[in-house]
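# A closer look at the structure
Each chain, written out:
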Amino acid sequence: GGPATSAKFSLVAPQGGVAVDSNDNVYIADTFNERIRRVTTDGIINTWAGNGTYTVQSGVPASQSGLPDPWIMTFDSQGNLYVSQYYPGNQICVISSGGIIFVYATLQIYAGAIALDPSGNLFLANTSDYRLREISNGVITTLTTVYATSVASDASGNVYVIVNGVIKKRDSAGNLTVLGGTGSPTLSGDGGPAVNALLASPQAVTLDASGNLLIAD
């Protein structure tokens, strides 16, 4: 209920612990406080989801449910928020645009980083078993074997991942190509081809509305 600039957090994931809705409200996964907090456009912060406990209660207002270790978050085109859990959590929850929480998937694996494409397919970058997976129409599929720490996707079916400091693209045909970075932790290459650039420590990738790939280094 106070200014967000005065708030304190337990842990916020560098790979996607912050999300923004269509009204420019900012959502922060306050991981070890078991809550998602929302900062409205007037700069005021409130708990939006999670009550500090660990058990998700599907079908209730998100603020009344437990929410274990929220980690990576992403919105779909309908304003629903998808949330993965910090390692070794294996659930993905979805909080509807109306604020109701549901368990979207319970996996046999750690979900890791997540991203949605415009068609609603969910991609999971799993660092515990070196897999990039897709959930489409309730079915999970392994796309490739790769140690990816962040994931993004576009409208053409391409998936972008960070692999050991290198930015790679998996196209809809399954081909992996390098877009930027060499794995050497050095910063250089601004103004030149991205494939020749050196990245110090890339943590997250995302796409803007024009399809440009943004890298948090």
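Since this is a predicted model, take the numbers as computed values, not measurements.

## Quick word on the sheet that holds strand E12 (residues 131–136)
If you trace the four strands from one edge of the open sheet to the other, you get E10-E11-E12-E13, paired in antiparallel fashion. The sheet terminates laterally at strand E10 (113–116) and strand E13 (139–145), the two strands that pair on one side only. Pairwise comparison of adjacent strand axes, ignoring direction, gives a mean angle of 20° for this sheet. Bridge count between strand E11 (residues 122–126) and E12: five bridges; the pairing is antiparallel. Among the inter-strand pairings, leucine 124 is bridged to a residue of E12, identified as arginine 133.

## Looking at the side chain of aspartate 154
With respect to the element layout, aspartate 154 can be found in the loop between strand E14 (151–153) and strand E15 (159–163). The buried charged residue aspartate 154 lacks any salt bridge, with lysine 169 as its nearest oppositely charged partner at 6.4 Å. Among the polar contacts made by the side chain of aspartate 154, one reaches the main-chain amide nitrogen of glycine 157 at a distance of 3.2 Å. Among the polar contacts made by the side chain of aspartate 154, one reaches the main-chain amide nitrogen of asparagine 158 at a distance of 2.9 Å. When neighbours within four sequence positions are excluded, aspartate 154 is seen to be in contact with Asp117, Pro118, Tyr160 and Leu207.

## Regarding the sheet that holds strand E5 (residues 60–61)
The strand order across the open sheet built from five strands is E5-E9-E8-E7-E6, with neighbouring strands paired in antiparallel fashion. Looking at which strands have only one partner, the edges of the open sheet turn out to be E5 and strand E6 (70–75). Of the pairings in the sheet, the one linking strand E8 (residues 91–95) to strand E9 (residues 100–106) comprises five bridges and is antiparallel in character. Bridged to isoleucine 95 within E9 is isoleucine 101.

## With respect to the nonpolar core
Counting residues in hydrophobic clusters, the biggest one holds 28 residues, and the most contacted among them are Ile92, Leu107, Leu124, Leu132 and Val151. Where this core is concerned, the elements lending two or more residues are E6, E8, E10, E11, E12 and E15. Excluding anything up to four places from it in sequence, leucine 107 contacts Asn90, Ile92, Leu124, Ile135 and Ile140. Core analysis: the next-biggest nonpolar cluster, separate from the first, contains 16 residues, Met73, Phe75, Ile95 and Ile101 among them.

## Things to note about the pattern of salt bridges
Inspection of the entire model under this criterion finds two salt bridges. Residue aspartate 30 is joined to arginine 37 by a salt bridge in which the shortest nitrogen-to-oxygen separation is 3.1 Å. Of the residues examined, arginine 37 reaches a relative accessible area of 16% and is grouped as buried. Notably, a salt bridge pairs arginine 133 with aspartate 129, separated by 2.9 Å at the nearest N-O pair. Assessed through its relative accessible area of 11%, arginine 133 is described here as buried.

## What to know about the environment of tyrosine 160
Tracing the sequence through the fold places tyrosine 160 in strand E15. Overall, the relative accessible area of 8% leaves tyrosine 160 in the buried class. When the C-alpha atoms of tyrosine 160 and valine 205 are compared, they prove to be 7.3 Å apart, with 45 residues separating the residues in sequence. For tyrosine 160, the residues in contact, after removing those within four places along its chain, are Ser150, Val151, Ala152, Ser153, Asp154, Lys168, Lys169, Leu179, Val205, Leu207 and Leu213. Separated by 2.8 Å, the side chains of tyrosine 160 and aspartate 154 make a polar contact.

## Things to note about the environment of serine 77
For serine 77, the location among the structural elements is in the loop between E6 and strand E7 (81–85). Owing to a relative accessible area of 62%, serine 77 belongs among the exposed residues under this scheme. Spatially, the C-alpha atoms of serine 77 and aspartate 117 are 9.2 Å apart, while their sequence positions differ by 40 residues. For serine 77, the side chain forms a polar contact with the side chain of glutamine 78, separated by 3.4 Å.

Cut-offs and rules
Residues numbered from 1 in each chain as written. Predicted model: local features only at pLDDT ≥ 70, side-chain atom pairs only at ≥ 80, totals over all residues. Heavy atoms only, no water. Pairing = 2+ DSSP bridges. Helix = DSSP H or I, 4+ residues; strand = E, 2+ residues; numbered from the N terminus. Axes fitted to C-alpha atoms, helices over the stretch in contact; angles between N-to-C directions. Buried < 20%, exposed > 50% of the residue type's maximum accessible area, 1.4 Å probe, protein only. Lys, Arg positive; Asp, Glu negative; His and termini not counted. Salt bridge = Lys/Arg side-chain N within 4 Å of Asp/Glu carboxyl O. Polar contact = N/O pair within 3.5 Å; in protein donor to acceptor, adjacent residues only side chain to side chain. Contact = heavy atoms within 4.5 Å. Core = buried A, V, L, I, M, F, W, Y, C linked by side-chain atoms within 4.5 Å.

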